There are 2 protein chains.
Amino acid sequence: MLRTHNCGELNLNHTGNTVTLSGWVQRSRDLGGMTFIDLRDRYGITQLVFNMDSNASLCESARKLGREFVISVTGTVAERSNKNLKIPTGEIEIIVDQFEVLNSSKIPPFTIEDNTDGGDELRMKYRYLDLRRNPVRDNLMLRHRMAIETRNYMNNIGFIEVETPVLIKSTPEGARDFVVPSRMNEGQFYALPQSPQTFKQLLMVAGFDRYFQIVKCFRDEDLRADRQPEFTQIDCEMSFVTQDDILSTFEGLTKYLFRTVKGVEIEALPRMTFADAMKNYGNDKPDIRFGMTFVEITDLVKGKDFKVFDDAALVAGINVTGCAGYTRKQLDTLTDFVKRPQIGAGGLIYVRYNEDGTLKSSVDKFYSEDELKKWAAAFEARPGDLMLILAGDAAKTRKALSELRLEMGNQLGLRNPEVFAPLWVVDFPLLEWDEETQRYYAMHHPFTSPKPEDIPLLDSDPGRVRANAYDLVINGVEIGGGSIRIHNKELQKKMFTILGFTDEDAQAQFGFLMNAFEYGAPPHGGIAFGFDRMCSLFGGSESIRDYIAFPKNNAGRDVMIDSPAPIKQEQLDELKLKINL
Amino acid sequence: MLRTHNCGELNLNHTGNTVTLSGWVQRSRDLGGMTFIDLRDRYGITQLVFNMDSNASLCESARKLGREFVISVTGTVAERSNKNLKIPTGEIEIIVDQFEVLNSSKIPPFTIEDNTDGGDELRMKYRYLDLRRNPVRDNLMLRHRMAIETRNYMNNIGFIEVETPVLIKSTPEGARDFVVPSRMNEGQFYALPQSPQTFKQLLMVAGFDRYFQIVKCFRDEDLRADRQPEFTQIDCEMSFVTQDDILSTFEGLTKYLFRTVKGVEIEALPRMTFADAMKNYGNDKPDIRFGMTFVEITDLVKGKDFKVFDDAALVAGINVTGCAGYTRKQLDTLTDFVKRPQIGAGGLIYVRYNEDGTLKSSVDKFYSEDELKKWAAAFEARPGDLMLILAGDAAKTRKALSELRLEMGNQLGLRNPEVFAPLWVVDFPLLEWDEETQRYYAMHHPFTSPKPEDIPLLDSDPGRVRANAYDLVINGVEIGGGSIRIHNKELQKKMFTILGFTDEDAQAQFGFLMNAFEYGAPPHGGIAFGFDRMCSLFGGSESIRDYIAFPKNNAGRDVMIDSPAPIKQEQLDELKLKINL
């Protein structure tokens, strides 16, 4: 073995022991006749000492070691005179007797430090060096821990992990599939799964009762910061359950993960309907770490010749506690913020509730102080508060006000990444109408069951049907989502019809599932968690890339291995394919 | 909740309780005024009772329930008069008060019994019904258990599970890749990994020190019974280790899995060189559950005008204890066996060592009893034994004799699937010469390091270089294989040269790895286990398909979902592909 100990475990108890360590040269300092080297491995850093007086040639050799050289050293553990109590090995050092260079290193293109000088592109190209940095490795160790704890929890409550296939069949519903040409079945293609949805439902038909899997999924979509072409889900399904059973089971998992991985105790998760989330937060993934919920004053403000309000379908705002003192400049900046194209409000109305009890607004021309008092009452505002109000089309106003609310949360430090406020959002609509294609799309997916009491609406008013669907939202991020599924062939067929499938299309693509429903399919439902996002939330980062060992860039490329790449003509020929640029 | 208990947990302690169970109708029997239904779920079977006297309409309804109907019943737990002590719930039954049909079922195409009447193809098409059968579900539960125990063991000894990418880059070395066309990078392709080999090595360069992953891998090869286009590996890599460290670490895992999953204690694993395995067993994956090792008598048999032996490069045989009494017909059958084309021996010579001490052979014309006595001494045969001898080209003879040995092991019941005899085979050759393409191929893979003492042979006699490579073999099956890797850029380049790569090809395909070797790559090595095969070995089956939830058939097709399948023209257009049959 090339070491007796690792670089993180020696302490004063080992004083006098002869040890062998292996690792990387983190840094080297020459002080008078001494040379000190910090030797690093995954477990920590240990200080090595070389003495010019006692062994000049060894010390000379040590001085030639460059950053990131890999060495194996043997020496004696000794107490340090200049202790570093910040690290576990900081009370000792190794008086080196001999060492061997196991491998040299060119000078790395960026520093291997917690705060590196390397830019994003460079760090991606040399990802194997970026992964040497403690924060990046810690992210992946957190991910490992999350997976281990998830599996232990799920195993303990009787869930079986079953691997579902990666080479499946393309279905045009949903996002775009990655496809895989088949050599043995010429002209035909597999697809990579966007989720194991149909397979987990088949496992329920098969009587597996409780299934889970931590599994790679794939979507060929244009990429954003928090999207990767391949991503990981905690995928789960249960039989003979109601929505309540699923929510309480996965509330258990959520609490367990927070407790074991973060040491955080989570209270019972609140449940909020989609309708309430939209009305009070303008968002189906509300960040409930802070209040500042929406107040609608549409009726209160009409008929005073203020055209913006008179024409508006919705006038709504938020009360920002203690911000009456915001300067004109700060308010102008907020106005610019809401007017950004991606937010899209026409403007921002404010009302200052001054400490002296007076009210001052940007619409004083139209509204008397008495009228503003009525607004303040509606907002439950108190002296010192600032009311921010938007108006216009209802959906757009809610969306913009949601952004404004989150921005105020940021400005006031109410969105602490170490505070966790999970909730369930329930009763999602079953369908969404798409103006462009003039058809309904499944809001969750085509296998989601309508609420039994809304089934009659499927014929009369499909857009109003609510689904047995739910999302787990934490700190404004959708962490998981699921539904009680349809388990009846006729209802499933009807769903496909509403979604614009012909019977032939539905049969060709999902016939295997509908056939399975004819052989005793149990009531069932499930949920899937975005594992990458969950890890980044637990780790306190916004970017899922920081929690993926080898992520791809926004063009879907792995710049380290330079992939994708052209393939050989023989490969194309074997697959009976021609490139047709 | 649609049940208060599952179908496997009720017993006499619950007598008098009102319970709700949900499950499938396994079978139904009408006896006089009573109807008995066995209700099944994943956890077991519980007997339901309906009484025509006390509730005629309920009993009538129950009599209409078909096999595999899904029902939910509520009733009272009662002691059974006619107990079945073979099952945990066999002392009780449920006097049903009410039930609900949750779903009906068509008559299944085969019986849902441990021994079904369904053929292979039918069971694959209705895999969700086949998975309802206890033995099939038990296989997948064993697989789940194996994965959980593997992860716990690896986590406990400091290994981090890291997910490596599925969308990587095609490399022509090794088996054929599945490729995935990239829409965002027109005319370019990802490939699915045959193993995470280069990524796990990069994780070692990154200082992860101990990595593992249970991971899907892909090979587009023609399929056999024990091969699937997608399969699962336990993939592992360690830094700063010698071969010994790796063997002892994974000997630990092997013993742990046998102990926890099978309740079997395994002794220290023997280590056998590749050379010895070939010489003594004719096979690099020897089944050492029984002896019958090869005895070479080439020198002993020459010069007696028996042309078969005189012309043979190798004359070798096995001594089969206690089989001197084999009949002429049995020996003829064995002769036919070795002459099969896939075995390829020219014939079989036998020597019976009769109980009375006399020797009788099929070559008495050429050899005296005294000469046969010398053979018997070489074979360490005793009266009652049967010697079986093959002759010819050395490699072919060993291969055929190995098959004969295994056949005799089968005939004599020496290959009990509940006995486990693991061993390490070590010191594999680094390279294999291929006559057809007139080049060397890596026996393991191009990243395997030669034994340091054999490095000089790389220039003079590459075929004789031994590798730091090892296989875990259990009961004649290769369960895992690995090697100490090359971590030096120059040596890696040299390997690629020996394997016929131009510098440009090597750089284009593996440049990222060789570049990584320039930044302080530590010595490292690893191993990968065939997880599907491991599960089937633990489960006592020969077929890995029995341990895969949704396997593909020999044409690479999933007959249940009917995949692969044609894709839409728009998909091809978006990918800039044309099919060219």
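Residues numbered from 1 in each chain as written. Chains lettered and ligands numbered in written order. Predicted model: local features only at pLDDT ≥ 70, side-chain atom pairs only at ≥ 80, totals over all residues. Heavy atoms only, no water.

Peer 1: Looking at this structure, how should I read the overall build of chain A?
Peer 2: Each helix and strand counted, chain A has 17 helices and 23 strands in total. Across the 581 residues in chain A, those meeting the buried criterion constitute 59%. The contacts in chain A between residues at least 6 apart in sequence include a share of 65% that link residues at least 24 apart. In the structure as shown, chain A presents an accessible area of about 23500 Å², 47% of it carried by carbon and sulfur atoms. (Helix = DSSP H or I, 4+ residues; strand = E, 2+ residues; numbered from the N terminus. Buried < 20%, exposed > 50% of the residue type's maximum accessible area, 1.4 Å probe, protein only. Contact = heavy atoms within 4.5 Å. Areas by Shrake-Rupley, 256 points an atom, 1.4 Å probe, with all protein chains shown as cover.)

Peer 1: Is there a simple way to explain the relation of the copies chain B and chain A in this structure?
Peer 2: Two copies of the chain are present, and they differ by a rotation about an axis and a shift along that axis. With an RMSD of 0.0 Å, the fit of chain B onto chain A corresponds to turning through 180° and sliding 0.0 Å along the axis. Those values place the two copies in the arrangement expected of a two-fold rotation axis. (Least-squares fit on C-alpha atoms with pLDDT ≥ 70 in both.)

Peer 1: So what exactly am I meant to see when it comes to the interface of chain B and chain A here?
Peer 2: How large an interface is tends to be reported as the accessible area lost when its parts come together. Taken residue by residue, the interface counts 125 residues in chain B and 125 residues in chain A. When the two sides are added together, the surface that chain B and chain A hide from each other amounts to roughly 11200 Å², 60% of it contributed by carbon and sulfur. Our enumeration of links across chain B and chain A arrives at 14 salt bridges. Between B:E161 and A:R151 there is a salt bridge, with its nearest N and O atoms 3.7 Å apart. Where chain B touches chain A, the interface holds 68 residue pairs in polar contact (both at pLDDT 80 or more). In terms of residue class, the side of chain B that touches chain A is made up of 67 nonpolar, 27 polar and 31 charged. Across three bridges, the pairing between strand β23 (residues 577-579) of chain A and strand β23 (residues 577-579) of chain B is antiparallel. (Buried area = accessible area lost by both parts, 1.4 Å probe. Salt bridge = Lys/Arg side-chain N within 4 Å of Asp/Glu carboxyl O. Polar contact = N/O pair within 3.5 Å; in protein donor to acceptor, adjacent residues only side chain to side chain. Nonpolar A, V, L, I, M, F, W, Y, C, P; charged D, E, K, R; others polar. Pairing = 2+ DSSP bridges.)

Peer 1: So what exactly am I meant to see when it comes to the side chain of A:D532 here?
Peer 2: Residue and element names in this part refer to chain A. Among the structural elements, D532 can be located in helix α16 (residues 531-539). A polar side-chain atom of D532 sits 2.8 Å from the main-chain amide nitrogen of T232. Those residues in contact with D532 that lie beyond four places of it in its chain are R143, F231, T232, I544, Y547 and I548.

Peer 1: In this structure, what is going on with the packing of aromatic side chains? I would like to understand it.
Peer 2: How two aromatic rings sit relative to each other is set out by the distance from centre to centre and by the angle between their planes. Tallied over the entire structure, the rule returns 52 aromatic pairs over all chains. Seen in terms of ring centroids, A:F50 and A:F99 are 5.7 Å apart; in terms of plane orientation they differ by 80°. Their pairing is edge-to-face. Of the two residues, A:F50 sits in strand β3 (residues 44-51) while A:F99 sits in strand β5 (residues 92-103), which places them 49 residues apart along the sequence. With respect to burial, A:F50 and A:F99 carry one shared label: buried. One Lys or Arg, B:K125, reaches over the ring of B:Y126 and ends 5.7 Å from the middle of that ring. Looking at B:R405, its charged tip hangs above the ring of B:F290, at a distance of 4.0 Å from the centre. (Phe/Tyr/Trp six-rings, centres within 6.5 Å; stacked < 30°, edge-to-face > 60°. Lys NZ or Arg CZ within 6 Å of the ring centre and 35° of its normal.)

Peer 1: I'm lost on the UniProt feature "binding site: L-aspartate" (unreviewed entry) in chain A in this one. Help?
Peer 2: Residues and elements named next belong to chain A. When the UniProt feature table is mapped onto this chain numbering, "binding site: L-aspartate" (unreviewed entry) sits at E173, R219, H444 and R485. Among the secondary structure elements, E173 is positioned in the loop between β6 (160-161) and β7 (179-181). Other than its neighbours up to four places away in sequence, E173 contacts Q194, R439, Y441, P446, L499 and F501. Among the polar contacts listed, one links the side chain of R485 to the side chain of S483, at a separation of 2.7 Å. (UniProt positions renumbered as here; feature names shortened; annotations may be inferred.)

Peer 1: Help me understand a negative patch on the surface in this model?
Peer 2: Side chains of A:E355, A:D356, A:E369 and A:D370 sit close together on the surface and give a patch of like negative charge. On the basis of relative accessible area, A:D370 is assigned to the exposed category, the value being 58%. (Patch = residues over 30% accessible without salt bridge, like charges linked within 9 Å, V, L, I, M, F, W, Y side chains within 5 Å. Lys, Arg positive; Asp, Glu negative; His and termini not counted. Charge placed at Lys NZ, Arg CZ, Asp CG, Glu CD.)

Peer 1: Help me understand empty space enclosed by the protein in this model?
Peer 2: A water-sized probe, rolled over the atoms, reveals where empty space remains. Scanning all chains against the criterion turns up eleven cavities of 30 Å³ or more. When the residues that make up the lining of the largest cavity are grouped by side-chain class, the tally is 15 nonpolar, eight polar and ten charged. (1 Å grid on protein atoms, 1.4 Å probe; cavity = no way out; pocket = protein on both sides within 12 Å on 5 of 7 lines; lining within 4 Å. Points joined across faces, edges and corners; volume = space filled by probe spheres on them.)

Peer 1: Help me out: how do you make sense of the sheet that holds strand β5 (residues 92-103) of chain B in this one?
Peer 2: Sheet strands associate in pairs through backbone hydrogen bonding, adopting either a parallel or an antiparallel arrangement. Residues and elements named next belong to chain B. Reading around the circumference, β1-β2-β3-β5-β4 is the order of the five strands in this closed barrel, with mixed pairing throughout. Across the sheet, the axes of successive neighbouring strands diverge by a mean angle of 55°, strand direction being ignored. In the sheet, strand β2 (residues 34-41) pairs with strand β3 (residues 44-51) via eight bridges, with the strands oriented antiparallel. Bridge assignment links F36 to a residue of β3, and that residue is V49. Packing of helix α1 (residues 56-63) onto the sheet brings it into contact with β1 (18-31), β2, β3 and β5, and relative to β5 it is tilted by some 65°. (Axes fitted to C-alpha atoms, helices over the stretch in contact; angles between N-to-C directions.)

Peer 1: How should I be thinking about helix α11 (residues 369-379) of chain B in this particular structure?
Peer 2: Count 3.6 residues to each turn of an α-helix, and residues three or four apart come out pointing the same way. Residue and element names in this part refer to chain B. Buried within α11 we find E371, L372, W375, A376 and F379. Burial along α11 is one-sided: seen end-on, the buried residues are contained in an arc of 150°. Counted as exposed and oriented over 90 degrees from the buried face of α11: D370, K374 and A377. Downstream of α11 by a residue or two, E380 has a phi angle that is positive, lying close to 50°. (Arc of directions from axis to C-beta.)

Peer 1: Is there a simple way to explain the UniProt feature "binding site: ATP" (unreviewed entry) in chain A in this structure?
Peer 2: Those residues carrying the UniProt feature "binding site: ATP" (unreviewed entry) are A:R219, A:D220, A:E221, A:Q228, A:E478, A:G530, A:F531, A:D532 and A:R533 in this numbering. Within the annotated group, the residues that form the lining of the largest cavity are A:F531. Following the sequence through the fold, A:E478 ends up in strand β21 (residues 477-484). Dropping the residues within four chain positions of it, A:E478 is found in contact with A:K285, A:D471, A:L472, A:V473 and A:R533. Take A:F531: it is sitting in helix α16. Overall, A:F531 belongs to the buried group, its relative accessible area being 0%. Once residues within four sequence positions are removed from consideration, A:F531 is found in contact with A:R143, A:M146, A:A147, A:I214, A:T232, A:Q233, A:I234 and B:E163.

Peer 1: So what exactly am I meant to see when it comes to the domain arrangement of chain A here?
Peer 2: When the domains of chain A are assigned, the result is domain 1 (12-103), domain 2 (137-272 + 421-548) and domain 3 (290-411). Taking the mean C-alpha position of each, domain 1 of chain A and domain 2 of chain A sit 52 Å from one another. (Domains from an automatic or database assignment.)

Peer 1: Would you take a moment to explain the environment of A:F447 for this structure?
Peer 2: Residues and elements named next belong to chain A. With respect to the secondary-structure elements, F447 resides in the loop between β19 (439-442) and α13 (457-460). With a relative accessible area of 5%, F447 lands in the buried category. For the pair F447 and Q492, spaced 45 residues apart in sequence, the C-alpha to C-alpha distance is 7.0 Å. Sequence-distant contacts of F447, defined by excluding residues within four places in its chain, comprise Q197, T198, Q201, I484, R485, I486, Q492, F496, F510 and L513.

Peer 1: I would appreciate a short explanation of the sheet that holds strand β11 (residues 271-273) of chain A in the present structure.
Peer 2: All names here are of chain A. Pairing is mixed in the open sheet, where eight strands are placed in the order β6-β9-β10-β22-β21-β20-β17-β11. Pairing within the sheet leaves two strands with one partner each, and these edge strands are β6 and β11. Two strands pair when backbone bridges link them, and β21 and strand β22 (residues 524-530) are joined in this way by five bridges, in the antiparallel orientation. Following the sheet pairing, S483 is matched in β22 by G526. Here helix α4 (residues 134-156) sits on the sheet and contacts β6, β9 (210-218) and β10 (230-239); the angle it forms with β9, its principal contact strand, is near 150°.

Peer 1: Just checking my understanding: could you explain the packing of helix α14 (residues 489-498) of chain A against helix α15 (residues 503-516) of chain A for this structure?
Peer 2: Each pair of packed helices can be described by the angle between their axes along with the distance between the axes. All names here are of chain A. For the pair α14 and α15, the least separation of the axes is 11 Å and the interaxial angle reads 150°. With respect to α15, the element α14 is oriented roughly antiparallel. As α14 runs across α15, the sense of the crossing is right-handed. Contacts from K489, Q492, K493, F496 and T497 of α14 reach α15 at D503, A506, F510, M514 and N515. Class assignment for the residues of the contact of α14 with α15 results in four nonpolar, three polar and three charged. (Parallel < 35°, antiparallel > 145°, perpendicular 65-115°, else oblique. Left-handed = near helix turned anticlockwise from the far one by under 90°.)

Peer 1: Help me understand the pairing of strand β16 (residues 386-392) of chain A in this model?
Peer 2: Put simply, side chains in a regular strand alternate between the two faces of the sheet. Residue and element names in this part refer to chain A. Where burial is concerned, most of β16 is hidden: six out of the seven residues are buried. Here strand β13 (residues 314-320) pairs with β16 via seven bridges, running antiparallel. Paired with V315 across the two strands is A391, which belongs to β16. The sheet contact formed by strand β14 (residues 349-353) and β16 spans four bridges and is antiparallel.

Peer 1: I'm lost on unusual backbone geometry in this one. Help?
Peer 2: Backbone geometry follows two general trends: most residues other than glycine have a negative phi, and most peptide bonds adopt the trans configuration. For the bond running from A:S563 to A:P564, omega is 0°, close enough to zero to count as cis. For A:P564, the location among the structural elements is in the loop between α16 and α17 (569-574). Of note, the phi angle at B:F240 is positive, near 55°, even though the residue is not glycine. Position of B:F240 relative to the elements: it lies in the loop between β10 (230-239) and α6 (243-262). The backbone of B:M292 sits at a positive phi, close to 55°, despite the residue not being glycine. Mapped onto the elements, B:M292 comes out in the loop between α7 (274-281) and β12 (295-296).

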